[in-house]
Amino acid sequence: MEISAKSVEYVRSVMFRRITTQAINLGVIITHALMLWKLWICLSGSGSPVVVVLTGSMEPGFRKGDVLFLYLNDSPIRSGEIVVFQVEGRDIPIVHRAIM
């Protein structure tokens, strides 16, 4: 059975269309994710609206690996509240409970 040049060209064009469509879909998904991330930053007022608890120091309230969703609040900090702050020279924000 002989494969004609026309059928080989057809298969190549179909494969090119599939690959192109997948690349465009991936680009759209990444663009939407970045847009949602920026919108979340604007709505929360926080530079990093999502943090992960890295140690067990917040137990039993939060366990290591828990994901926290943040928002910026201008009210005074009270005892028992959870605060997140950034230390100069460190890339990772610090999550702690206010004692006093």
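Residues numbered from 1 in each chain as written. Predicted model: local features only at pLDDT ≥ 70, side-chain atom pairs only at ≥ 80, totals over all residues. Heavy atoms only, no water.

Novice: Tell me what's going on with the overall build of the chain, and back it up with residues and numbers.
Specialist: Scanning the chain from terminus to terminus reveals 1 helix and 4 strands. The C-alpha extent of the chain, read off along each of the three principal axes, is 85 × 30 × 25 Å. Classification of the 100 residues of the chain by burial places 14% in the buried group. In the chain, of all internal contacts separated by at least 6 residues, the share reaching a separation of at least 24 is 25%. (Helix = DSSP H or I, 4+ residues; strand = E, 2+ residues; numbered from the N terminus. Buried < 20%, exposed > 50% of the residue type's maximum accessible area, 1.4 Å probe, protein only. Contact = heavy atoms within 4.5 Å.)

Novice: Residues and numbers for the UniProt feature "domain: Peptidase S24/S26A/S26B/S26C" (unreviewed entry) in the chain, please.
Specialist: Following the UniProt record, the feature "domain: Peptidase S24/S26A/S26B/S26C" (unreviewed entry) maps to residues 45-95 here. The distance from the first to the last C-alpha atom of residues 45-95 is 17 Å, and the span holds 0% helix and 24% strand. (UniProt positions renumbered as here; feature names shortened; annotations may be inferred.)

Novice: For helix H1 (residues 5-44), give the residues involved together with the corresponding values.
Specialist: With 40 residues, H1 should cover 58 Å at 1.5 Å per step; its first-to-last C-alpha distance of 59 Å lies within 8% of that length. Turning to H1, its buried residues number three or more, namely Val14, Ile41 and Ser44. Where H1 terminates, the next one or two residues include Gly45, which has phi positive at roughly 75 degrees. (Expected span 1.5 Å × (residues − 1).)

Novice: An account of the nonpolar core is requested, with residue identities and associated values reported.
Specialist: By size, the foremost hydrophobic cluster in this structure holds 6 residues: Val51, Val53, Met58, Leu68, Leu70 and Val95. Sequence-distant contacts of Val95, defined by excluding residues within four places in its chain, comprise Val51, Met58, Leu68, Ile82, Val83 and Val84. (Core = buried A, V, L, I, M, F, W, Y, C linked by side-chain atoms within 4.5 Å.)

Novice: Break down the UniProt feature "transmembrane region" (unreviewed entry) in the chain for me, citing the residues and quoting the values.
Specialist: Cross-referencing UniProt, the feature "transmembrane region" (unreviewed entry) maps to residues 21-40 in the present numbering. Counting secondary structure, residues 21-40 comes out at 100% helix and 0% strand; the distance between its end C-alpha atoms is 29 Å.

Novice: So what about a nonpolar patch on the surface? Which residues, and what values?
Specialist: On the surface, Trp37, Trp40, Val52, Leu54, Val67, Phe69 and Ile92 cluster together to form a nonpolar patch covering roughly 650 Å² of accessible area. Counting residues per element, the ones that place at least two in the nonpolar patch are H1 and strand S2 (67-69). (Patch = residues over 30% accessible without salt bridge, like charges linked within 9 Å, V, L, I, M, F, W, Y side chains within 5 Å. Areas by Shrake-Rupley, 256 points an atom, 1.4 Å probe, with all protein chains shown as cover. Salt bridge = Lys/Arg side-chain N within 4 Å of Asp/Glu carboxyl O.)

Novice: Give me the lowdown on the layout of surface pockets, citing residues and values where you can.
Specialist: For the largest pocket, the calculated volume is near 600 Å³. If you trace the largest pocket, you find 21 residues lining it, with Tyr71, Asn73, Ile82, Val83 and Val84 closest to the centre. For the lining of the largest pocket, the secondary structure elements donating two or more residues are S2 and strand S3 (82-85). Its residues placed into classes, the lining of the largest pocket shows 13 nonpolar, 7 polar and 1 charged. Contributing to the lining of the second largest pocket are Val52, Val53, Leu54, Thr55, Ser57, Met58, Arg90, Ile92, Pro93, Ile94, Val95 and His96. Among the elements that take part in the lining of the second largest pocket, strand S4 (residues 94-97) stands out by supplying 3 residues, more than any other. A per-class count over the lining of the second largest pocket returns 8 nonpolar, 3 polar and 1 charged. (1 Å grid on protein atoms, 1.4 Å probe; cavity = no way out; pocket = protein on both sides within 12 Å on 5 of 7 lines; lining within 4 Å. Points joined across faces, edges and corners; volume = space filled by probe spheres on them. Nonpolar A, V, L, I, M, F, W, Y, C, P; charged D, E, K, R; others polar.)

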